[in-house]
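These are the residues of each chain, in order.
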Amino acid sequence: MKLSGGVEWALHCCVVLTSATTPVAAVRLAELHDVSGSYLAKQLQALSRAGLVDSVQGKAGGYVLTRAPELISVLDVVQAVDGTQPAFVCTEIRQRGPLAASPESCTKPCAIARAMAEADAAWRATLQAITIADLAQSVTDDYGPDALPGIGSWLTGAGAAAG
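First, a word on scope: everything that follows refers to the structure included in this document. (Residues numbered from 1 in each chain as written. Predicted model: local features only at pLDDT ≥ 70, side-chain atom pairs only at ≥ 80, totals over all residues. Heavy atoms only, no water.)

## Topic: the overall build of the chain
The number of helices and strands found in the chain is 7 helices and 2 strands. Each helix and strand of the chain, placed in order from N terminus to C terminus, yields the pattern α-α-α-β-β-α-α-α-α. Whereas a compact globule of 163 residues would reach a radius of gyration of roughly 15 Å, the chain reaches 20 Å, over 25% beyond that. The principal-axis extents of the C-alpha atoms in the chain amount to approximately 70 × 30 × 25 Å. The buried share of the chain, reckoned over its 163 residues, is 32%. Within the chain, contacts between residues separated by at least 24 positions form 69% of all contacts whose residues are at least 6 apart in sequence. Accessible surface, the chain: about 9500 Å² in total, of which carbon and sulfur atoms supply 57%. When the 11 positive and 15 negative side-chain charges of the chain are each reduced to one mean point, those points stand 10 Å apart. (Helix = DSSP H or I, 4+ residues; strand = E, 2+ residues; numbered from the N terminus. Rg over C-alpha atoms; globule rule 2.2 N^0.38 Å. Buried < 20%, exposed > 50% of the residue type's maximum accessible area, 1.4 Å probe, protein only. Contact = heavy atoms within 4.5 Å. Areas by Shrake-Rupley, 256 points an atom, 1.4 Å probe, with all protein chains shown as cover. Lys, Arg positive; Asp, Glu negative; His and termini not counted. Charge placed at Lys NZ, Arg CZ, Asp CG, Glu CD.)

Structure follows, in structure tokens:
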């Protein structure tokens, strides 16, 4: 399974938005992650279309999470950025070639399609069970209790006006 790079950036943005007390400008998020502002804007727009972040207009505008981080799953973010299509799409290869099976004999998915669907379902269930709050807690566990508050201060602090 290959996810777009946008998923990583979108997840990082959601995690750091948990630390912000005011809306965060897209340019500031891009600066924090050292990524192109236009590239990150696409990911933020996808999150906005999915209802995961709101774009607040005006001088003090920017992005905020639309709900508590405990209510946003990693799967929500993945699907917002990369869509909801399964990783594997069966093309009924068993119905091709010199020994092709007839459509009538293919009334259920083949073993390969079933295995891939099972793996996809397990992957999605795992991502559904992990929330943005869980990721934020892991950041705190990994980097200490000052990590996210420090990021929040940087994102929305006095230096943010220069961004």
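## Some words on the packing of helix 1 (residues 5-17) against helix 2 (residues 26-33)
Direction vectors running N to C along helix 1 and helix 2 enclose 110 degrees, while the axes themselves pass 11 Å from each other. By the angle class used here, helix 1 and helix 2 are roughly perpendicular. Where helix 1 abuts helix 2, its residues Trp9, His12, Cys13, Val16 and Leu17 lie against Leu29, Leu32 and His33. Class assignment for the residues of the contact of helix 1 with helix 2 results in 6 nonpolar, 2 polar and no charged. (Axes fitted to C-alpha atoms, helices over the stretch in contact; angles between N-to-C directions. Parallel < 35°, antiparallel > 145°, perpendicular 65-115°, else oblique. Nonpolar A, V, L, I, M, F, W, Y, C, P; charged D, E, K, R; others polar.)

## A look at helix 5 (residues 111-129)
Spanning 19 residues, helix 5 covers 27 Å between terminal C-alpha atoms, matching the ideal 27 Å at 1.5 Å per step. Considered for burial, the residues of helix 5 that qualify are Ala113, Asp120, Arg124 and Leu127. In an axial view of helix 5, the angular spread of the buried residues amounts to 60 degrees, which keeps them on one side of the axis. Exposed and oriented more than 90 degrees from the buried face of helix 5 are Ala111, Glu118 and Ala129. Elements that come into contact with the buried residues of helix 5 comprise helix 4 (74-82). (Expected span 1.5 Å × (residues − 1). Arc of directions from axis to C-beta.)

## Quick look at the nonpolar core
General note: in soluble globular proteins, nonpolar side chains tend to be found buried as a group. By size, the foremost hydrophobic cluster in this structure holds 32 residues, and its most contacted members are Leu17, Leu29, Leu40, Leu44, Leu47, Val77 and Ile132. Elements that contribute at least two residues to this core include exactly helix 1, helix 2, helix 3 (37-49), strand 2 (62-65), helix 4, helix 6 (132-143) and helix 7 (147-156). In terms of residues, this core owes the most to one element, helix 1, which gives 8 residues. Not counting chain neighbours up to four residues away, the residues in contact with Leu47 comprise Ala10, Cys14, Leu52, Val53, Val77 and Ala80. (Core = buried A, V, L, I, M, F, W, Y, C linked by side-chain atoms within 4.5 Å.)

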